[in-house]
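Chain by chain, the residues run as shown.
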Amino acid sequence: MSILHTKPEGKNMNIKIHDARYVSFPFELKDAFREVFPNAKWNPTSREWQVVKGSEQRLVDWVKEVEASGILQAMLDQETARLSEEEVLQLQTRLSELKYGISIEENATERTENAKTRAEQLKEQLAGLEQQLHARKEARALAEAEKAKAKAEVMTILRDVADVDEIECLRTGMKSDWRSIKAFNKDRFEEKQDRLSEIRDDLETAGLYSGALSKAISANYNRRDRDLPDLSIELEFEIDG
C-alpha cells in the first residue's frame, strides 16, 4: 500500500531539474545547494538556479542524495504541521465568530420576543381602554339626553311660572345700580331683589330651583367688589329635589 503525501498549498516541496543545468527546490535547501555549487547563478525571473557547465551529473547526484536523506519529507511534515496549526487557529477564530453571531441573534430574538409580548400587552390595554371609552361615550350620550329631557321639562314648567327675559333684565339693572353708590340706587337695587324673590318663590312652588337667581337675591349692595361676579353667572334652572 502506498501512502500519498499531500503537498501544502502555496509552497514548493519538490526538486525539479530541466535542461540538465537548471534546478528549482525549496528555499530551505539553498545553503546546502550553495556549498556544493558555489558558482551557481540565481535567475529571479524563472526563480531557479543555473549550475556551471560540466556540473550536470553532480547536480543529479545531489538531488538523489537530498531525496534519499528524507529531508524533503521532514520539511513537508513540518509545513503540514504549521498549516494545521494555522487551520486550527482559523477554525477557533471562526468558532468564536459564530458563537458571537449566535449570541447576537439570541439577544435580538429575545428583544423581539419581549417587544412582541409588550405589543400584545399594549393591544390588550388599548382594547380595554377602547371599551372604557365607548362605555363612557355611551354614558355621556345618555346623560346628555337625560339632561336635555330634564331641561325641556324645566322649560315647559318655566314658561308657565316665570319670564326668563324679566329675570335677566332685573339682574342687568342691578349691575347698573352698582355703577353709582347712591341711596336711590340702593333702593332700586333692593326693589329688583324683591321682585326676584317673588319669582323664586313662584319657581319653588313649581318645583324649580336656580342657583344664579339665589346668588342675585343674596347680593349685598355694599359689597359690589365681592358680589358683582355673581350677577354674571349663567342663568340655569333645575327641578328641585
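All of these numbers come straight from a predicted model, not from anything done at the bench. (Residues numbered from 1 in each chain as written. Predicted model: local features only at pLDDT ≥ 70, side-chain atom pairs only at ≥ 80, totals over all residues. Heavy atoms only, no water.)

Enquirer: Where do I start with the packing of helix α4 (residues 164-177) against helix α5 (residues 183-205) in this structure?
Expert: Each pair of packed helices gets described by two things: the angle between the helix axes and the distance between those axes. Viewed as axis vectors pointing N to C, α4 and α5 meet at an angle of 155°, and their least axial separation amounts to 9 Å. Considered as vectors, α4 and α5 are oriented roughly antiparallel to each other. Helix-helix and strand crossings are classified by hand; for α4 and α5 the assignment is left-handed. Counted together, E166, I167, L170, R171, G173, M174 and D177 of α4 and N185, R188, F189, K192, Q193, R195, L196 and I199 of α5 form the full contact between these two elements. Here the residues of the contact of α4 with α5 sort into six nonpolar, three polar and six charged. (Axes fitted to C-alpha atoms, helices over the stretch in contact; angles between N-to-C directions. Helix = DSSP H or I, 4+ residues; strand = E, 2+ residues; numbered from the N terminus. Parallel < 35°, antiparallel > 145°, perpendicular 65-115°, else oblique. Left-handed = near helix turned anticlockwise from the far one by under 90°. Contact = heavy atoms within 4.5 Å. Nonpolar A, V, L, I, M, F, W, Y, C, P; charged D, E, K, R; others polar.)

Enquirer: What exactly am I supposed to notice about the environment of F237 here?
Expert: Along the polypeptide, F237 turns up in the loop between α7 (224-227) and β6 (238-239). The class of F237 is buried, set by a relative accessible area of 15%. Put simply, F237 and M155 are 82 residues apart on the chain and 8.3 Å apart in space, counted from C-alpha to C-alpha. Non-local contacts of F237, meaning those with residues more than four positions away in its chain, are made with V154, L158, V164, I167, L203, Y209 and S210. (Buried < 20%, exposed > 50% of the residue type's maximum accessible area, 1.4 Å probe, protein only.)

Enquirer: For this particular structure, what's the right way to read the sheet that holds strand β1 (residues 16-18)?
Expert: Pairing within the open sheet is antiparallel, and its four strands lie in the order β1-β2-β4-β3. Only two strands of the sheet have a single neighbouring strand rather than two, namely β1 and β3 (41-43). Here the average twist between neighbouring strands, direction ignored, is 30°. By the bridge criterion, three bridges tie β1 to strand β2 (residues 22-24) in an arrangement that is antiparallel. Bridge pairing links I17 to V23 in β2. (Pairing = 2+ DSSP bridges.)

Enquirer: So what exactly am I meant to see when it comes to the packing of aromatic side chains here?
Expert: Note on aromatic pairs: each is described by the distance of the centres and the angle between the planes. Taken as a whole and assessed by the stated rule, the structure comprises nine aromatic pairs. Residues F37 and W62 carry aromatic rings whose centres are separated by 6.3 Å and whose planes lie at 85° to one another, so their mutual orientation is edge-to-face. Of this pair, F37 sits in the loop between α1 (30-36) and β3 while W62 sits in helix α2 (residues 56-69), placing them 25 residues apart in sequence. Side by side, F37 and W62 carry an identical accessibility label, which is buried. What links up through ring pairs into an aromatic cluster is the set F25, F33, F37, W42, W49 and W62. (Phe/Tyr/Trp six-rings, centres within 6.5 Å; stacked < 30°, edge-to-face > 60°.)

Enquirer: Explain the nonpolar core here, please?
Expert: Soluble, globular proteins show a tendency: their nonpolar side chains are buried together. One finds I167, L196, I199, L203, L213 and F237 to be the most contacted residues of the largest nonpolar core, which totals 21 residues. Contributions of two or more residues to this core are made by α3 (71-161), α4, α5 and α6 (211-218). (Core = buried A, V, L, I, M, F, W, Y, C linked by side-chain atoms within 4.5 Å.)

Enquirer: Please explain unusual backbone geometry as it appears in this structure.
Expert: Residues other than glycine predominantly adopt negative phi, and peptide bonds predominantly adopt the trans conformation. Residues other than glycine seldom take positive phi values, yet D19 does so here, at roughly 55°. Following the sequence through the fold, D19 ends up in the loop between β1 and β2.

Enquirer: In this structure, what is going on with the pattern of salt bridges? I would like to understand it.
Expert: Side-chain pairs of opposite charge can arise whenever the charged atoms involved come near each other. Under the criterion given, the structure shown has eight salt bridges. Across the salt bridge formed by R171 and E168, the nearest N and O atoms sit 3.1 Å from each other. With R171 and E168 both in helix α4 and three residues apart, this pair spans about one turn of that helix. A residue is classified by how much of its surface remains accessible, and R171, at 4% relative accessible area, is buried. A relative accessible area of 30% places E168 in the partly exposed class. Note that E198 and R195 form a salt bridge whose closest N and O atoms lie 3.1 Å from each other. Placement of the pair is E198 and R195 together in helix α5, with a separation of three residues, close to one helical turn. A residue is classified by how much of its surface remains accessible, and E198, at 44% relative accessible area, is partly exposed. Among the charged side chains, a salt-bridge network with shared partners connects E166, R195 and E198. (Salt bridge = Lys/Arg side-chain N within 4 Å of Asp/Glu carboxyl O.)

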